[in-house]
Amino acid sequence: MKSLQFPKQTNVYHGKVRDVYTIGQGWLVMVASNRISAFDVILPKPIPYKGQVLNQIAAFMLEATKDICPNWLVTVPAANVSIGKKCTPFKIEMVVRGNVVGHAWRTYHSGQRTLCGVTMPEGLRENDFFPTPIITPSTKAAEGHDEDISKEEIIHQGLVSAKDWEVLENYALQLFARGKEIAAAQGLILADTKYEFGKIGDTIYLMDEVHTPDSSRYFYADGFEERQSTGEKQKQLSKEFVREWLIANDFMGKEGQSVPDMSDEWIDTISKRYIELFEKVTGKKFIPEHPSDEEIVTSVTAALEKIGAM
């Protein structure tokens, strides 16, 4: 993975999807790449415009939720780049689920009724709403698979204090409620999502991406109830269709499994689905941008100077 070089840069971390550059002691430059991951594995081919889609949806949602809790974002100097405050992250993800879908459904369908210490009611069908949204946290693995964990175990292990957990729980549920409102206004249902939080001093901040197709799952609201009553497959806007394609091609990230070949046509389909989600979630027209590495460095340098990070 190629690294850029910014003034006052002190570190760089290449994540599954984002490249994160530390500037001085207190700032981060986050570059959203076109890489795509599923089952905690980076797939071999990039998806055009995916980085721009993720970055611009995240910026849109962080702006739309900043009255609920502080967040890390300060400025967006390029289509696929964000600059913000460096936080000390909690080593968990707050996964909020409004519907029994994805991992929750796979767990439920296997006969289990407890997920991350949360009891799921009997009688649910795939994609049904939970009576109220539930929080099913996971550990934030530096590499490999994230793991389910309960609230009690998080506090017992000292990953989060009981006091901070109350704040995280409150923020996560409020953010999810706001995300559902925004989605509903666009004819969508926010089915599940994940949030990451960190601290600067005693203040908790919302970090990373919010309500994007990589971190969230959306259903089309129109016809949802009819599809549920007839057992028809729900129309989704999310990365789940990529996971389903991988599963159909015998890949779930397990040892010994090989990533199936991704044709140019399939890559183009994924790209168009990401763009569709941007336009549907934000209500804005997607305008493709192609910033070069040199243009990104120039824009970021100017932005860092403007916010006093230099």
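It should be noted that the structure appears before, not after, this text.
Summary of the structure given here. (Residues numbered from 1 in each chain as written. Predicted model: local features only at pLDDT ≥ 70, side-chain atom pairs only at ≥ 80, totals over all residues. Heavy atoms only, no water.)

Moving on, we get to helix α6 (residues 240-248). Every buried residue belonging to α6 is among Glu240, Phe241, Val242, Arg243, Trp245 and Leu246, and all of these are buried. Taken together, the buried residues of α6 touch β4 (37-38), α2 (103-109), β16 (216-220), β17 (236-238) and α7 (264-282). Backbone geometry just after α6 places aspartate 250 at a positive phi near 65°. (Buried < 20%, exposed > 50% of the residue type's maximum accessible area, 1.4 Å probe, protein only. Helix = DSSP H or I, 4+ residues; strand = E, 2+ residues; numbered from the N terminus. Contact = heavy atoms within 4.5 Å.)

A few words on the packing of helix α1 (residues 50-65) against helix α4 (residues 162-185). One way to put it is that α1 packs onto α4 with a least axis distance of 11 Å and a crossing angle of 115°. On the basis of the axis angle, α1 is roughly perpendicular to α4. Considering how the two elements wind past one another, α1 and α4 form a crossing that is right-handed. Between α1 and α4, the residues in contact are Phe60, Met61, Ala64 and Thr65 and Leu175, Arg178 and Ile182, respectively. Here the contact of α1 with α4 is built from residues that sort into 5 nonpolar, 1 polar and 1 charged. (Axes fitted to C-alpha atoms, helices over the stretch in contact; angles between N-to-C directions. Parallel < 35°, antiparallel > 145°, perpendicular 65-115°, else oblique. Left-handed = near helix turned anticlockwise from the far one by under 90°. Nonpolar A, V, L, I, M, F, W, Y, C, P; charged D, E, K, R; others polar.)

Our focus in this paragraph is the pairing of strand β2 (residues 18-23). The element β2 is extensively covered by neighbouring structure, given that 6 of its 6 residues are classed as buried. Across the two faces of β2 the burial is the same, with Arg18, Val20 and Thr22 and Asp19, Tyr21 and Ile23 all buried. Both strand β1 (residues 9-14) and β2 contribute to a ladder of 5 bridges, which runs antiparallel. Bridge pairing in β2 links glutamine 9 to isoleucine 23. Counting the residues that bridge the hairpin from β1 to β2 gives 3 residues. Pairing of β2 with strand β3 (residues 27-32), which is carried by 6 bridges, proceeds in the antiparallel orientation. Residue arginine 18 lies in a different strand from β3, and its bridge partner there is alanine 32. (Pairing = 2+ DSSP bridges.)

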